[in-house]
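Coordinate analysis (summary)
The chain contents come next:
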Amino acid sequence: MIEIKGLTKKYGSFYALKDLNLSIEEGTVFGFVGANGAGKSTTFSILATLLQPTSGEAWINGINISLHPHEVRKQIGYMPDFFGVYDQLKTEEYLDFYGASYGLDAAQRAVLIPKLLELVNLSSKRNDYVDLLSRGMKQRLCLARALIHDPKVLILDEPASGLDPRARVEMREILRELKAMGKTILISSHILPELAEMCDTLGVIDSGELIAHGSVQSIQEKLQSEKVISVKLTGDYIEAIRFFENDPLVSQITEIQDRGILQFLYKGTEHDQLDLLRKAMSAGLPILAFSEEETDLEDVFMEITKGAETL
Amino acid sequence: MKELLANPVLVKEIKLRFRNIKSFTGLFFYLLIMGIFVFGFINLTSSISGSGFFRPEESFMLFSMLSYIQLGLILFITPGLTAGTVSSEREKQTLNILLTTAQSSFQIIFGKLLSSIAFLLLLLVSGLPIYSMVFLYGGVAPSQIASIFLFYFLTLLVIGALGVMYSTLLRRTIVSMISTYGTMIFLTAVTGFFLILSVSLSSATMGTGASPLSYFWACINPGVVLLTLLEPGFSDEIAQMTGIPLPLWVSYSIFYTLIFVGAIWLSVTKLRVNMNKYR
Ligand SMILES: Nc1ncnc2c1ncn2[C@@H]1O[C@H](COP(=O)(O)OP(=O)(O)OP(=O)(O)O)[C@@H](O)[C@H]1O
Ligand SMILES: [Mg+2]
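Residues numbered from 1 in each chain as written. Chains lettered and ligands numbered in written order. Predicted model: local features only at pLDDT ≥ 70, side-chain atom pairs only at ≥ 80, totals over all residues. Heavy atoms only, no water.

- If you look chain B up in an unreviewed UniProt entry, it shows as ABC transporter permease from Planomicrobium okeanokoites.

- Looking at an unreviewed UniProt entry, one finds chain A named ATP-binding cassette domain-containing protein, with Planomicrobium okeanokoites as its source organism.
- If you open the UniProt record of chain A and go to Sequence similarities (unreviewed entry), you find "Belongs to the ABC transporter superfamily." (UniProt positions renumbered as here; feature names shortened; annotations may be inferred.)

1. What about the overall build of chain B?
- Along the backbone of chain B there are 13 helices and zero strands.
- For chain B, the succession of helices and strands along the chain, N to C, is α-α-α-α-α-α-α-α-α-α-α-α-α.
- When its C-alpha atoms are laid out on the principal axes, chain B stretches across 70 × 50 × 35 Å.
- Evaluated residue by residue, chain B yields a buried proportion of 47% over its 279 residues.
- Put simply, of all contacts in chain B between residues at least 6 apart along the chain, 78% involve residues at least 24 apart.
- Computed over 16 positive and 9 negative side-chain charges, the inter-centroid distance for chain B is 23 Å. (Helix = DSSP H or I, 4+ residues; strand = E, 2+ residues; numbered from the N terminus. Buried < 20%, exposed > 50% of the residue type's maximum accessible area, 1.4 Å probe, protein only. Contact = heavy atoms within 4.5 Å. Lys, Arg positive; Asp, Glu negative; His and termini not counted. Charge placed at Lys NZ, Arg CZ, Asp CG, Glu CD.)

2. Section: the sheet that holds strand S2 (residues 14–24) of chain A
Residue and element names in this part refer to chain A.
- Here we have four strands laid out as an open sheet, ordered S2-S1-S4-S5, and antiparallel in their pairing. Here the strands that pair on one side only, and so sit at the sheet edges, are S2 and strand S5 (63–64).
- The pairing of strand S1 (residues 2–11) with S2 spans seven bridges and is antiparallel. Paired with Leu 7 across the bridge in S2 is Leu 20.
- Along the sheet face, helix H1 (residues 40–47) touches S1, S2 and strand S4 (55–60) and points at about 65 degrees away from the line of S2. (Pairing = 2+ DSSP bridges. Axes fitted to C-alpha atoms, helices over the stretch in contact; angles between N-to-C directions.)

3. Observations concerning the interface of chain B and chain A
- Contact with chain B, which involves 27 residues of that partner, is made by 38 residues of chain A.
- With both chains or domains summed, chain B and chain A bury close to 2900 Å², and 60% of this area falls on carbon and sulfur atoms.
- The interface formed by chain B and chain A holds two salt bridges in total.
- Across the pair Arg 19 of chain B and Glu 93 of chain A runs a salt bridge, and its minimum N-O distance is 2.5 Å.
- On the surface where chain B and chain A come into contact, there are 10 residue pairs in polar contact (both at pLDDT 80 or more).
- Contributing elements (two or more residues each) for the side of chain B that touches chain A: helix H2 (8–19) and helix H6 (95–100) of chain B.
- For the side of chain B that touches chain A, the class distribution of residues is 10 nonpolar, 10 polar and seven charged. (Buried area = accessible area lost by both parts, 1.4 Å probe. Salt bridge = Lys/Arg side-chain N within 4 Å of Asp/Glu carboxyl O. Polar contact = N/O pair within 3.5 Å; in protein donor to acceptor, adjacent residues only side chain to side chain. Nonpolar A, V, L, I, M, F, W, Y, C, P; charged D, E, K, R; others polar.)

4. Description of the domain arrangement of chain A
- Parsing chain A into structural domains produces domain 1 (2–222) and domain 2 (225–294).
- Relative to domain 2 of chain A, the C-alpha centre of domain 1 of chain A lies at a distance of 45 Å. (Domains from an automatic or database assignment.)

Dropping the structure here:
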């Protein structure tokens with residue numbers, strides 16, 4: 001359970017984060033989306049006790065991060081957006097060091113490390129030097145490192161950046177496993193579709209302000225007033241275009257010639273939509289199919305951030 | 001003690017340092033050069049004097065030279081070993097992760113300090129047999145070797161703590177290096193210069209050799225304090241001249257312990273950000 005109240009970070013007069021309020025249920029996956037410089041890393045750094053907030057408070061599993069940072073550190077596994085590794089240290093030793101840093105004794109570490117390497121698919125690299133691993137491997141190793149003390153909360157800042165498509169899928173699998181283990185996961189990305197699939201709730205941040213928060217679906221609905229409707233026709237377009245043009249709720253009609261499809265933006269409710277279809281049928285338009293396009297989350301994201309910019 | 005030595009940072013860094021073959025070649029050459037120097041000196045002086053003997057006065061001279069060489073080694077190597085310990089982690093972007101672990105700030109600082117001076121400690125200790133060869137020839141008391149080693153240890157710790165402190169406070173390793181070397185030079189050359197200045201000043205104005213100010217400059221200068229450890233008579237002279245009966249090494253120990261505590265305290269409190277804005 002994570003509780004954030006009025007969290008603000010100012011650099012001079014610039015707000016990197018402005019009055020953030022959030023509540024994340026235990027055992028859920030929270031996705032944090034925003035363009036570059038939106039304030040995602042700032043938020044995560046504060047939660048990881050690395051950055052002092054200008055004002056506001058946050059609790060992780062009921063522990064106040066400002067008052068008891070040391071206790072908070074035991075609760076969280078943090079993976080920064082950028083990080084380095086030590087030279088001349090082998091993968092196993094790397095994990096061993098961090099295991100010891102959390103007070104695990106040698107016997108515990110010896111049992112845990114092979115398991116963690118297995119989890120992130122690095123068992124074959126256990127005797128390799130960490131600074132020689134590829135970026136994606138380092139990324140996975142860092143995730144294993146963040147898990148070594150079995151934290152209840154994971155704070156992952158763009159864990160999938162720099163990963164190839166296959167590794168991204170694997171990362172998603174790992175996160176799903178972790179979720180099944182009951183961990184609360186905070187994950188950030190500037191790629192919304194990537195998060196939408198695995199997150200229970202999403203927060204969209206722009207210029208330091210949370211502009212939307214809720215389930216993936218509710219965000220989509222809330223932020224999108226217009227839907228895209230496709231109509232598949234046989235034969236005459238002209239008449240169909242004329243018909244749809246007359247409806248005030250329709251805009252931006254485009255034809256996709258080679259597939260015999262008309263597409264337009266529609267502002268009405270589902271009820272209006274039904275009416276429209278009925279009228280089109282009775283007007284004798286040769287309609288084969290009438291459907292609402294699955295909107296791309298990417299488009300939604302572009303729209304949100306664009307909208308916020310013009311405010 | 002076991003708690004302290006089971007420090008994760010300490011264990012890791014020692015492992016890394018001694019995995020490196022360079023450390024051992026360094027140690028080997030140090031002992032080699034020291035050995036050649038000692039035996040060369042003994043052979044040379046005994047053949048020059050023609051007696052075939054190595055006399056106690058000569059033995060004492062060799063011992064003094066070795067002592068100053070080792071002090072120089074400590075003063076010049078310690079900043080280089082410690083001034084990058086925290087800042088280099090910051091530069092390599094490993095510090096963030098280290099700071100989010102459950103280690104206390106004191107543990108991290110302590111581990112950093114001890115691991116970075118460990119190599120120098122090893123050099124000093126492994127040179128001890130050659131060093132004490134000298135006292136087989138007389139002229140030097142075993143208690144002197146002990147006190148000089150304690151003096152080395154304190155000096156090493158203090159310069160090391162200053163290095164770690166600068167490394168924590170200043171973001172960049174290069175700036176931290178410069179500051180640490182600067183402080184070391186202040187404690188040796190600058191205090192030495194002021195000592196000479198105040199001695200000549202007071203002898204010009206009052207006709208006597210030294211004032212309390214001279215005492216102050218003398219007691220924080222490792223070179224002068226080493227001299228009093230080598231020549232205990234010199235210490236009595238200073239006491240007479242300045243009217244301060246406290247031996248230099250006592251003041252030195254107090255002063256340097258204070259610096260040590262201050263430097264460690266600053267490092268520990270400044271390592272992490274203060275999360276509590278109300279304090
Ligand atoms: N030390 C600092 N001094 C001044 N401004 C800063 C500092 N650190 C961050 N900022 C500013 O705070 C804002 C938020 O940065 P943050 O790193 O949180 O963005 P982000 O959402 O993580 O972006 P990205 O997707 O690029 O990682 C940026 O505009 C950045 O320039
Ligand atoms: Mg970021």
